[in-house]
Amino acid sequence: MAPTDETGQAAPTASPHGTTPSARPSAENAGWGTHMPRWLPRAMVLALTLVAVFQLGSWAFHQLAGLLINVLIAFFMALAIEPAVSWMASRGMRRGLATFLVALAVLILAAGFMTLLGSLLAGQIIKIVEEFPDYLDSVIGWINAHFDTELKPVDIQEGLLRSDWLRNYVQNSATGVLDVSAQVLGGLFQLLTVALFSFYFAADGPRLRRALCSVLPPARQAEVLRAWEIAVNKTGGYLYSRGLMALISGIAHYILLETLGVPYAPVLAVWVGLVSQFIPTIGTYLAGALPMLIAFTVDPWYALWVLAFVVVYQQFENYMLQPKLTAKTVDIHPAVAFGSVIAGTALLGAVGALIAIPAIATLQAFLGAYVKRYDVTDDPRVHGHRRQDAPRLLTRTRLLWARRPGTPQPQAAESGDGSS
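Quick notes on the rules
Residues numbered from 1 in each chain as written. Predicted model: local features only at pLDDT ≥ 70, side-chain atom pairs only at ≥ 80, totals over all residues. Heavy atoms only, no water. Helix = DSSP H or I, 4+ residues; strand = E, 2+ residues; numbered from the N terminus. Buried < 20%, exposed > 50% of the residue type's maximum accessible area, 1.4 Å probe, protein only. Contact = heavy atoms within 4.5 Å. Areas by Shrake-Rupley, 256 points an atom, 1.4 Å probe, with all protein chains shown as cover. Core = buried A, V, L, I, M, F, W, Y, C linked by side-chain atoms within 4.5 Å. Axes fitted to C-alpha atoms, helices over the stretch in contact; angles between N-to-C directions. Parallel < 35°, antiparallel > 145°, perpendicular 65-115°, else oblique. Nonpolar A, V, L, I, M, F, W, Y, C, P; charged D, E, K, R; others polar. Phe/Tyr/Trp six-rings, centres within 6.5 Å; stacked < 30°, edge-to-face > 60°. Arc of directions from axis to C-beta. 1 Å grid on protein atoms, 1.4 Å probe; cavity = no way out; pocket = protein on both sides within 12 Å on 5 of 7 lines; lining within 4 Å. Points joined across faces, edges and corners; volume = space filled by probe spheres on them.

## A look at the overall build of the protein
Working step 1: Along the protein, the regular secondary structure elements total 14 helices and zero strands.
Working step 2: The helix and strand sequence of the protein, counted from the amino end, reads α-α-α-α-α-α-α-α-α-α-α-α-α-α.
Working step 3: With 420 residues in all, the protein has 22% of them scored as buried.
Working step 4: Considering only intrachain contacts with a sequence separation of at least 6, the fraction spanning at least 24 residues in the protein is 62%.
Working step 5: Surface summary for the protein: the accessible area is close to 30500 Å², and the carbon and sulfur share equals 68%.

Spelled out as structure tokens, the structure:
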């Protein structure tokens, strides 16, 4: 018979381990709560590994940002010269030699432009230095005549030579020469890096495409080759069309400046042609500011002639020349082009401004090729017109006013027999 307690109920029996059956589950639960799950250490190690890999990748990306930008520039330059290289290679020329000749031609054009622009700046600086004493004498004479002073150029020169400002300026200039030299060397190294990558991308373009397609299935290979072809066509077409329009613009402005007798007409014409074509929307007016300023030094009326010619030529280019040259290459809305240049400048600086429009043109071509389009319904609102069956606001207001309580309604016309 089971033992009972004082109340007559059966007393709980002790287990062989010294614990009651009712207390055993609580002890086991307490034991489970004090042990760590087996998956938790592995999860912690995995999370720490992911964080470390992310930090390492972020550090490497920031360290290699300059190289990645140079590679991006080189890739777009290779896309730009790809049509010319492929055309020369299809005529039997070795692809490496064709790439070298095209790159040499681009280098000669760039060096010629920089030489002309440098000669313009050097000539203007030399002219300012030579005419500075006469300009200083005229300024001092004007001050003495209007303010009853007795300033002398010798006193001003001695004061400048003895001033602390000039001494500090010379010291800062000496330090700045070293900084400029370092920047020039860094720029030359970046230029060499871009040139080498561009040469390899263009010369080994087929090999690069084969290596990329070798790791993809056949269906993906066709998509990659199609994307590559679109990028080549849009980038090369954009640069070639802009280059041709820059040549026409430069010739037209050179004829005007040479006719007016403005100095440095060739370099000013090249400046107007390049800036006006590769900076959308406002590039023409920015480019025309420098010729206007130099023409103003010759004759103020010449500056007005240059301004009028810039405005007229811009209209001719927008409505006659540009639609014919860009119809089969790059056709981007001016607002989209301007916005893309601003976005590219904010992201990558001058490099982003240069490659923004080809990138947007390539993206636009992708959207046109892969996005499904539908026929637009024939609705007047599509063309910016209101529907004809909609009552006008004035008519609607009159009807509401006529239906107000207490408003006299128009009398009905009497019948012909005199009955009411």
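## Looking at the nonpolar core
Working step 1: If you look at the biggest cluster of nonpolar residues, it comprises 13 residues, and the most contacted ones within it are Leu257, Leu260, Val262, Leu268 and Val306.
Working step 2: Secondary structure elements with two or more residues in this core: helix H4 (95-147), helix H8 (218-260), helix H9 (265-278), helix H10 (283-298) and helix H11 (300-326).
Working step 3: Ignoring anything within four residues of it in the chain, the contact list for Leu257 reads Val262, Ala265, Leu268, Ala269, Pro291 and Val306.
Working step 4: Among the nonpolar cores identified, the runner-up in size contains seven residues, and Met88, Ala98, Val102 and Ala202 belong to it.

## Quick word on the packing of helix H3 (residues 65-90) against H8
Working step 1: H8 packs onto H3 with a crossing angle of 85° between their chain directions and a minimal axis gap of 8 Å. Comparing the axis directions of H3 and H8 gives the class roughly perpendicular. Across the interface between the two elements, Phe75, Phe76, Leu79, Ala80, Ile81, Glu82, Pro83 and Ala84 from H3 touch Trp228, Ala231, Val232, Thr235, Gly236, Leu239 and Tyr240 from H8.
Working step 2: Residues of the contact of H3 with H8, tallied by class, amount to 12 nonpolar, two polar and one charged.

## A short note on the side chain of Ser198
Working step 1: Within the secondary structure, Ser198 sits in helix H6 (residues 164-203).
Working step 2: Those residues in contact with Ser198, other than ones at most four positions away along the chain, are Ala74, Met77 and Ala78.

## Observations regarding the side chain of Arg209
Working step 1: Within the fold, Arg209 resides in helix H7 (residues 205-213).
Working step 2: Classification of Arg209 as buried rests on a relative accessible area of 18%.
Working step 3: Leaving out residues up to four positions away in the same chain, Arg209 has contacts with Glu82, Arg95, Leu225 and Trp228.

## Some remarks on the packing of aromatic side chains
Working step 1: For the coordinates displayed, the defined rule picks out eight aromatic pairs.
Working step 2: Relative to Phe201, the ring of Phe75 lies with its centre 6.2 Å away and its plane at 85°, an arrangement referred to as edge-to-face. Here the residue Phe75 occupies a position in helix H3, and Phe201 occupies one in helix H6, the gap between them amounting to 126 residues.
Working step 3: Measuring from centroid to centroid gives 5.9 Å for Tyr313 and Phe316, while their planes differ by 50°, and the two rings are tilted. Placement of both Tyr313 and Phe316 in helix H11 is noted, with a separation of three residues, approximately one turn of the helix.

## Let's talk about H7
Working step 1: Turning to H7, its buried residues number three or more, namely Gly205, Arg209 and Cys213. The arc that holds every buried residue of H7, seen down its axis, measures 65°, which confines them to one face. Every exposed residue of H7 that faces more than 90 degrees away from the buried side is listed here: Arg207 and Arg210.

## Digging into the layout of surface pockets
Working step 1: Taken as a whole, the largest pocket encloses approximately 2400 Å³ of empty space.
Working step 2: Lining the largest pocket are 50 residues, with Met77, Val106, Leu109, Ala110 and Leu354 positioned closest to its centre.
Working step 3: Those elements that place two or more of their residues in the lining of the largest pocket are H3, H4, H6, H8, H9 and helix H13 (350-370).
Working step 4: For the lining of the largest pocket, the leading source of residues is H4, giving 15 residues.
Working step 5: A class-by-class count of the residues in the lining of the largest pocket yields 44 nonpolar, six polar and no charged.

Shape descriptors only; they carry no functional weight alone.
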